[in-house]
Amino acid sequence: MKEYLVLDEKTLQAVHGFVQDMTSASNAINALGGQANFSVTLPQPKNNNV
Amino acid sequence: MNQPSKADVIQLAKVVDHLVDAVGDPSATLRRAMILLDIDLNPGTTLNAVGERLQLEKSVSSRNVDWLWNQGCVLRKAGREDARELELETSPYAHKHLQLALRPFGNHHEVLIKNLNTFIDLFQKHMPTLRELKALLTVGVLGQASRTQVINNLYDGPPTTDQRAVRHLIEEGVFKTIEK
């Protein structure tokens, strides 16, 4: 016998909601012709204490 | 309820990775990530305004903004109207990583903030961390997973920290255990 972890129902619903919100946003982006695509240049990390 | 699409949950797990990059620590709480997102959405905002929007007590927002400032995620400068009230904005480094996290949501900060809040509400005993959210989504991707599979998908932290994260998720009822 081996132990496995599964999501409880309430958590699964939260993940579904998260996915749905992402899908809705993606559909809206596609409807605009993918205008939300952009490139990002990452600067170096900076610590205020240094 | 059916399992959500594997590809979609993988995408969400990547969003969490970008949030970890933005705050620089997988042990950061979802609340801290929410505060950072709120500041990013409202550059030049104040501590009081953040607390009002997110419905946090002043001591809570103050402590968390201090932590974000120490991490280099938030910049503070004297207010233009009242120099005693500091204006807050995200550092360029944090802002860029937040942009990556927000990309699947069309750069809508409020959607990500709302969902992080939903996950916070699943927890009764403690404030969840980004590490725990990643662990949760790992099980969401796999449908069912061993503890080792979950830990192998986390952030190379100390084994005791990763094991504690899994234990918290079981204690909170977020994970159910089954035997096969």
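Keep in mind that this is a model prediction, so the values were computed, not measured.

A. Structural view of the overall build of chain B. A tally of helices and strands in chain B yields nine helices and three strands. For 180 residues, the compact-globule estimate of 2.2 N^0.38 gives 16 Å, and the C-alpha radius of gyration of chain B, at 17 Å, lies within 12% of that figure. Taken over the C-alpha atoms alone, chain B extends approximately 65 × 30 × 30 Å along its principal axes. In chain B, which comprises 180 residues, the share counted as buried stands at 42%. Within chain B, contacts between residues separated by at least 24 positions form 61% of all contacts whose residues are at least 6 apart in sequence.

B. View of the overall build of chain A. A count of helices and strands for chain A gives one helix and one strand. In chain A, which comprises 50 residues, the share counted as buried stands at 16%.

C. Fine view of the packing of helix α3 (residues 47-54) of chain B against helix α4 (residues 58-70) of chain B. All names here are of chain B. Axis separation between α3 and α4 bottoms out at 9 Å; the angle between their running directions is 115°. α3 and α4 meet at a crossing whose hand is right-handed. Contacts from Leu47, Val50 and Gly51 of α3 reach α4 at Lys58, Ser61, Ser62 and Val65. Of the residues in the contact of α3 with α4, the class split is three nonpolar, three polar and one charged.

D. The interface of chain A and chain B, seen in detail. Listed per partner, the contact involves 36 residues of chain A and 44 residues of chain B. Put simply, the parts of the chain that give the side of chain A that touches chain B at least two residues each are β1 (3-7) and α1 (9-31) of chain A. Tallying contributions element by element places α1(A) first for the side of chain A that touches chain B, with 18 residues. Of the residues in the side of chain A that touches chain B, the class split is 19 nonpolar, 10 polar and seven charged. As paired elements, β1(A) and strand β3 (residues 175-179) of chain B share five bridges and run antiparallel to each other. Bridge pairing in β3(B) links Glu3(A) to Glu179(B).

E. Here's a closer look at the nonpolar core. Residues and elements named next belong to chain B. Membership of the largest hydrophobic core comes to 55 residues, with the highest contact counts inside it found for Leu19, Ala33 and Leu36. Of all the elements, helix α1 (residues 6-23) adds the most residues to this core, at eight residues. When sequence neighbours within four positions are dropped, the list of residues in contact with Ala33 reads Leu19, Val23, Ala28, Leu116 and Leu130.

F. Fine view of the environment of Asn152(B). Residue placement: Asn152(B) occurs in helix α8 (residues 147-152). Separated by 123 residues in sequence, Asn152(B) and Thr29(B) have C-alpha atoms that sit 20 Å apart.

What counts and what doesn't
Residues numbered from 1 in each chain as written. Chains lettered and ligands numbered in written order. Predicted model: local features only at pLDDT ≥ 70, side-chain atom pairs only at ≥ 80, totals over all residues. Helix = DSSP H or I, 4+ residues; strand = E, 2+ residues; numbered from the N terminus. Rg over C-alpha atoms; globule rule 2.2 N^0.38 Å. Buried ≥ 20, exposed ≤ 12 C-beta atoms within 10 Å, placed from the backbone. Contact = placed C-beta atoms within 7 Å. Axes fitted to C-alpha atoms, helices over the stretch in contact; angles between N-to-C directions. Left-handed = near helix turned anticlockwise from the far one by under 90°. Nonpolar A, V, L, I, M, F, W, Y, C, P; charged D, E, K, R; others polar. Pairing = 2+ DSSP bridges. Core = buried A, V, L, I, M, F, W, Y, C linked by C-beta atoms within 7 Å.

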